[in-house]
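Architecture at a glance
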Amino acid sequence: MMTYYILIGAIALVSWLVSSRLKSKFKHYSKVQLRNGMSGAEIAEKMLADHGITDVQVVSTPGMLTDHYNPKNKTVNLSEGVYNQRNASAAAVAAHECGHAVQHAQAYEWLTMRSKLVPVVQVTSGMSTWVVFGGLALAAGTGLGWGIYVAIAGLIMMGFATLFSFVTLPVEYDASNRALAWLKNKHMVSQEEYKGAEDALKWAARTYLVAALGSLASLLYWAWAIFGSD
């Protein structure tokens, strides 16, 4: 158990470092003002229009780095800073979220797969660790043979969350690639602004990578706890 806590602690530390670096990057590039003078909302609306998407609304949402695309009501939700600001960070985030809208419009297979996993993960992710732990406790404390099967069921539930984390990676990287390609091909940003947008999105993607690796590490640990004890 101590190994597990050390592993999770190390991953949490890396996650914090990457998240802190991401915030630092966005703060830095928020000082790089766009020469075209467009706000994040205007950037988003133009990218959607350029892709022929007319049924997606760009709206403002409270918080910092709370930006997301909602496929259910077809809204690109931009945090207040991104929605109103006219800098490289805002352009990068706005275009990235519109990248998801383009994925949705074009039925991008990885986004479709992730959407199908959402309801499953919402049900299983919160209880999976407890089911695994409870099954192991039953097997060890009471000698009940079926306790191990309860633990395996929890491991399978945990596996869905890990799968979701890895399916998210191509979705996020592809959205960033779409955003950067559009910003460059449509001459929306200068070379300096483009480099800032590219760097900011690179660090944003790393947060998803760390999360996926953390989920995998946790899954492998509990798999070892279940099957390694046999």
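Cut-offs used in this document
Residues numbered from 1 in each chain as written. Predicted model: local features only at pLDDT ≥ 70, side-chain atom pairs only at ≥ 80, totals over all residues. Heavy atoms only, no water. Axes fitted to C-alpha atoms, helices over the stretch in contact; angles between N-to-C directions. Helix = DSSP H or I, 4+ residues; strand = E, 2+ residues; numbered from the N terminus. Parallel < 35°, antiparallel > 145°, perpendicular 65-115°, else oblique. Left-handed = near helix turned anticlockwise from the far one by under 90°. Contact = heavy atoms within 4.5 Å. Nonpolar A, V, L, I, M, F, W, Y, C, P; charged D, E, K, R; others polar. Salt bridge = Lys/Arg side-chain N within 4 Å of Asp/Glu carboxyl O. Buried < 20%, exposed > 50% of the residue type's maximum accessible area, 1.4 Å probe, protein only. Pairing = 2+ DSSP bridges. Arc of directions from axis to C-beta.

1. Comments concerning the packing of helix 5 (residues 109-124) against helix 7 (residues 147-185)
The geometry of helix 5 relative to helix 7 is characterised by a closest axis approach of 9 Å and an angle of 150 degrees between their N-to-C directions. Taken as axis vectors, helix 5 and helix 7 run roughly antiparallel relative to one another. Taken as a pair, helix 5 and helix 7 cross one another with a handedness that is left-handed. Each of W110, L111, M113, R114, L117, V118, V120, V121 and T124 in helix 5 lies in contact with helix 7, whose residues at this interface are M157, F160, A161, L163, F164, V167, T168, P170, V171 and E172. Considered class by class, the residues forming the contact of helix 5 with helix 7 number 15 nonpolar, 2 polar and 2 charged.

2. Focus: the environment of A90
Topologically, A90 is positioned in helix 4 (residues 88-105). C-alpha separation for the pair A90 and G40, spaced 50 residues apart in sequence, amounts to 5.0 Å. Ignoring sequence-local partners within four residues, the contact set of A90 consists of G40, V82 and Q85.

3. Comments concerning the pattern of salt bridges
Side chains bearing opposite charge may pair, as long as their charged atoms lie close to each other. Counted under the stated rule, the structure contains 6 salt bridges. With a closest N to O distance of 3.5 Å, K46 and D50 form a salt bridge. Placement of the pair is K46 and D50 together in helix 2 (residues 40-50), with a separation of 4 residues, close to one helical turn. A salt bridge links R114 to E172; its shortest N-O distance comes to 3.3 Å. Residue R114 is located in helix 5, and its partner E172 is located in helix 7; the two are separated by 58 residues in the primary sequence. Just as R114 is buried, E172 falls in that class too.

4. Observations concerning the sheet that holds strand 2 (residues 68-70)
Within the open sheet, the 3 strands sit side by side as 1-3-2. Their pairing is mixed. If you trace the sheet from one side to the other, it starts and ends with strand 1 (57-61) and strand 2, each paired once. With direction set aside, neighbouring strand axes in the sheet form an average angle of 30 degrees. Bridge count for strand 1 against strand 3 (residues 75-79) is 5 bridges, and the pairing is parallel. Each residue of the ladder has a partner; that of V59, found in strand 3, is N77.

5. Regarding helix 2
Where helix 2 is concerned, the buried positions are G40, A41, I43, A44, M47 and L48. The buried residues of helix 2 all sit within an arc of 160 degrees when viewed along its axis, so they share a single face. Contacts from the buried residues of helix 2 go to strand 1, strand 3, helix 3 (80-84), helix 4 and helix 7.

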